[in-house]
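# Working through the structure, step by step
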Amino acid sequence: TNRHWGRGFSESQLDLESYKKVADQLFSEGFGICLAWKRQESLSEFIQQIINQIGGAHFVDRSTGLWKLVLIRDDYNVESLDTYSSSSGILRIEDDNNASNDLVTNQTVVTYRDPISNQDKPIRAENLAAIQKNGAILESKTYSGIPTADLAGRLAARDMKIAQSGLKKFKLVLNRRAYAIQPASVFKIAIPERGIT
């Protein structure tokens, strides 16, 4: 909200309840960040750095027009999600690059910054079975706002779980039935002709 070095938004442009909810959840998770913005990077880059570390999304809510912050967590009931198919919402699939590939990251190294020693330190998460099968396929990430080995280990495990989950990516065009979908929201798709039920 700061007009000199911030974005200059007024509080009325922010969904403050969403920020409070995220703060409360991060507190309950024991998730803290120790990071200063030194203005050597843009404010947008700094915000994105925080979003990447907390596993969240920051966007303008399509129904209220307010800036909203949410966390991306496995906190939903699959049975209650809306389902879209070619007969109920999906107009077409424009991008489907989901060729089978066993060679995915099986070792993640997260570098965090210990604020006491003021040094960068690495921590590792790995899938030993995948390493034995394919050899080490390393991915390195730097989360400079993460201050402890415990939290860095949790982030390394999170990123390893994502890499090993077999996620598939689609670019879908939906009709107006999907008007309420917000960024980072969750829904189901059913495309039987592609083996997705």
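Scroll up to find the structure this text is about.
The following refers to the structure shown.

## Quick look at the nonpolar core
- Core analysis: the largest hydrophobic core is formed by 17 residues, its most contacted members being Val22, Leu26, Phe31, Ile54, Ile146 and Leu155.
- Within the residue set of this core, elements represented by two or more residues are α1 (16-28), α2 (43-54), β2 (67-71), β5 (107-114) and α4 (149-164).
- The leading source of residues in this core is α4, at 5 residues.
- The contact partners of Leu155, leaving out residues within four places of it in the chain, are Phe31, Gln53, Val110, Tyr143 and Ile146.
- Grouped together as the second largest cluster of nonpolar side chains are 8 residues, Ala178, Ile181, Ile189 and Ile191 included.

## Section: the side chain of Asp15
- Its location among the elements puts Asp15 in the segment before α1.
- Buried charge without a partner: Asp15 forms no salt bridge, and the closest opposite charge is Lys68, 4.5 Å away.

## Here we look at the pattern of salt bridges
- The final tally for this structure, using the stated rule, is 10 salt bridges.
- Between Lys171 and Glu94 there is a salt bridge, with the nearest N and O atoms lying 3.9 Å from each other. With Lys171 in strand β8 (residues 170-174) and Glu94 in strand β4 (residues 90-96), this residue pair connects regions lying 77 residues apart in the sequence.
- Taking relative accessible area as the criterion, Lys171 reaches 47% and is therefore assigned partly exposed.
- Here Glu94 falls in the partly exposed class, since its relative accessible area comes to 42%.
- Its salt-bridge partner being Asp120, residue Arg113 comes within 2.8 Å of it at the nearest N-O pair.

Rules used throughout
- Residues numbered from 1 in each chain as written.
- Predicted model: local features only at pLDDT ≥ 70, side-chain atom pairs only at ≥ 80, totals over all residues.
- Heavy atoms only, no water.
- Core = buried A, V, L, I, M, F, W, Y, C linked by side-chain atoms within 4.5 Å.
- Buried < 20%, exposed > 50% of the residue type's maximum accessible area, 1.4 Å probe, protein only.
- Helix = DSSP H or I, 4+ residues; strand = E, 2+ residues; numbered from the N terminus.
- Contact = heavy atoms within 4.5 Å.
- Lys, Arg positive; Asp, Glu negative; His and termini not counted.
- Salt bridge = Lys/Arg side-chain N within 4 Å of Asp/Glu carboxyl O.

These results come straight from atomic positions and should not be treated as a statement about function.
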